[in-house]
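Here is what each chain is made of, one letter per residue.
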Amino acid sequence: MPNPPRAGARYHGDQAALPGMLDFAVNVRPGGPPVWLTDRLAARLPDLGSYPGQADQRRAVETVAMRHGRTADEVAVLAGGAEGFALLAGLRPRLAALVAPSFTEPEAVLAAAGVPIQHVVLPLPFTLAGAVVPEEADLVVVGNPTNPTGVLHRADDILALRRPGRLVVVDEAFADGIPGEAQSLARDSLPDVLVLRSLTKTWALAGLRVGYALGAPEVLARLTAPRPHWPLGTLQLEAIAATGSPEAVAEADASARRLAGLRASMVAGLEELGLGVVAGDAPFVLFTVPDAELMRKHLESKGIAVRRCDTFVGLPENYLRAAVRPEWPALVDAMTEVLQ
């Protein structure tokens with residue numbers, strides 16, 4: 001039976017961050033895109049009077065393919081990773097198993113399309129060990145690293161979800177925020193694994209909507225069949241090509257390594273408050289507080305936004321998520337006022 005759409009599935013962190021707030025709710029690089037990237041996009045503004053050309057499309061696809069050691073027909077460029085989720089319903093799965101807690105957009109789009117859904121809820125510490133996925137599920141969606149838990153699953157544990165006639169979809173929206181992109185399946189050419197990537201987080205391009213899918217050519221053909229002509233604009237294609245260059249990939253990895261150090265300091269600060277922090281590797285942290293609603297309201301009064309987590313399937317109400325930012329001491333100081 002199809003599941004009715006769940007209201008909380010369409011809640012996202014940007015709804016918590018009002019203008020002027022210190023934003024720990026959205027996991028996008030603070031400070032905006034790097035200057036070299038905005039300069040490159042600005043240089044294409046005179047071309048907006050023309051339709052996106054095949055040369056732009058080809059350059060974006062070939063850049064992604066080279067970046068991940070894939071062939072061009074294993075790449076589909078997307079208007080953000082979220083478009084990949086929106087297209088999944090067109091594959092007409094009989095039963096979608098969604099590993100939870102996780103990003104809720106797959107649930108929202110599949111439920112709206114009438115696809116039957118079953119959540120596979122992972123208990124703390126939210127790892128795949130012991131996860132029981134229905135054998136009849138022909139579509140499985142899992143995040144790596146997972147939003148909101150921050151848990152980085154072992155690639156072998158994800159591959160263990162494969163079954164004949166099943167497509168495993170791996171949401172790697174934050175994979176480039178992990179040093180060395182550890183445990184990523186982006187370079188693995190497998191007929192039954194589809195990897196979705198986003199470029200909006202690391203490069204602060206949430207307003208441009210850029211990402212891509214990596215998978216078997218026949219899967220990508222089915223996935224993208226319903227799309228209109230010119231699904232991406234010139235600036236989107238330029239951004240994909242720009243951020244896939246070797247220099248950009250190296251910059252992203254250096255940023256991921258800085259974030260890992262910053263994350264360790266932030267986790268230590270939260271733990272000093274006596275809070276339970278979920279072990280993870282992502283550029284955000286999931287933690288518990290005695291009263292999440294009270295804490296959120298207090299932080300809002302201080303001009304600080306964090307992500308509520310009661311909208312995620314499988315999380316109790318006492319969880320909050322915060323992006324890793326250099327201003328984390330301000331978050332800890334504000335929380336101390338309530339906890340004391």
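- Named according to an unreviewed UniProt entry, the protein is Aminotransferase originating from Mycolicibacterium peregrinum.
- Its UniProt record gives the protein the following Sequence similarities (unreviewed entry) comment, quoted word for word: "Belongs to the class-I pyridoxal-phosphate-dependent aminotransferase family."
- Quoted verbatim from the Cofactor (unreviewed entry) heading of the UniProt record, the comment on the protein is "pyridoxal 5'-phosphate".

## Some points on the nonpolar core
In step 1: Core analysis: the largest hydrophobic core is formed by 41 residues, its most contacted members being Val 170 and Ile 240.
In step 2: Beyond its immediate stretch of four places on either side in the chain, Val 170 contacts Val 142, Asn 144, Ile 158, Leu 185, Val 193, Leu 194, Val 195 and Leu 196.
In step 3: Listed in part, the 25 residues of the second largest apolar core include Ala 76, Val 115, Leu 139 and Leu 167.

## Re helix H9 (residues 292-301)
In step 1: Looking only at H9, the buried set comprises Ala 292, Met 295, Arg 296, His 298 and Leu 299. All buried residues of H9 fall inside an arc of 165° around its axis, so they share one side. Exposed positions of H9 whose direction lies more than 90 degrees from the buried face are Lys 297 and Ser 301.
In step 2: Where the residues of H9 are buried, they touch strand E10 (304-305), strand E11 (307-308), strand E12 (319-323) and helix H10 (328-339).
In step 3: Its side-chain oxygen 3.3 Å from the backbone nitrogen of Glu 293, Asp 291 forms the N-cap of H9.
In step 4: The first or second residue beyond H9 is Gly 303, which carries a positive phi of 80°.

## Regarding the packing of helix H2 (residues 54-68) against helix H7 (residues 234-243)
When two helices pack together, their arrangement is given by the angle between the helix axes and the distance between those axes.
In step 1: Contact geometry of H2 with H7 gives a least axis separation of 8 Å together with a crossing angle of 30°. In terms of axis orientation, H2 runs roughly parallel to H7. Seen along the crossing, H2 lies across H7 with a hand that is left-handed. Taken together, the residues of H7 that come into contact with H2 (itself represented by Asp 56, Gln 57, Arg 59, Ala 60, Thr 63 and Val 64) are Thr 234, Leu 237, Glu 238, Ile 240 and Ala 241.
In step 2: Of the residues that constitute the contact of H2 with H7, the class distribution is five nonpolar, three polar and three charged.

Thresholds applied
Residue numbers restart at each chain and count upward from 1, following the sequence in its written direction. Two thresholds apply to this predicted model, a pLDDT of at least 70 for residue-level local features and 80 or more for giving and counting side-chain atom pairs, whereas whole-chain, interface and lining totals are computed over all residues. Heavy atoms throughout the structure, all of them, feed into the side-chain values; hydrogens and water do not. UniProt positions are given in the numbering used here, feature names are shortened, and annotations may be inferred rather than shown by experiment. Only buried Ala, Val, Leu, Ile, Met, Phe, Trp, Tyr and Cys residues count toward a nonpolar core, and they belong to the same one when joined by side-chain atoms within 4.5 Å. Here the term buried applies to any residue with accessible area under 20% of the maximum for its type, exposed to any over 50%, and partly exposed to those in between, with areas from a 1.4 Å probe on protein chains only. Contact criterion: two residues are considered in contact whenever any of their non-hydrogen atoms come within 4.5 Å of each other. Strands here mean DSSP runs of E at least two residues long; helices mean DSSP runs of H or I at least four residues long; both are numbered from the N terminus. Read the arc as the range of directions from the helix axis to the C-beta atoms. The definition of a polar contact used here is a pair of N or O atoms within 3.5 Å, where within protein one atom must be able to donate a hydrogen and the other to accept one, and adjacent residues in sequence count solely through side-chain atom pairs. To get an axis, a line is fitted to the C-alpha atoms, and for a helix only the part in contact is used. The angle between two axes follows their N-to-C directions and goes from 0 to 180 degrees. Angular relationships are summarised with four words: roughly parallel below 35 degrees, roughly antiparallel beyond 145, roughly perpendicular across 65 to 115, and oblique for the angles in between. Rotating anticlockwise by less than a right angle from the far helix to the near helix defines a left-handed crossing, while the corresponding clockwise rotation defines a right-handed one. Each residue gets one label: Ala, Val, Leu, Ile, Met, Phe, Trp, Tyr, Cys and Pro are nonpolar, Asp, Glu, Lys and Arg are charged, and the others, such as Gly, are polar.

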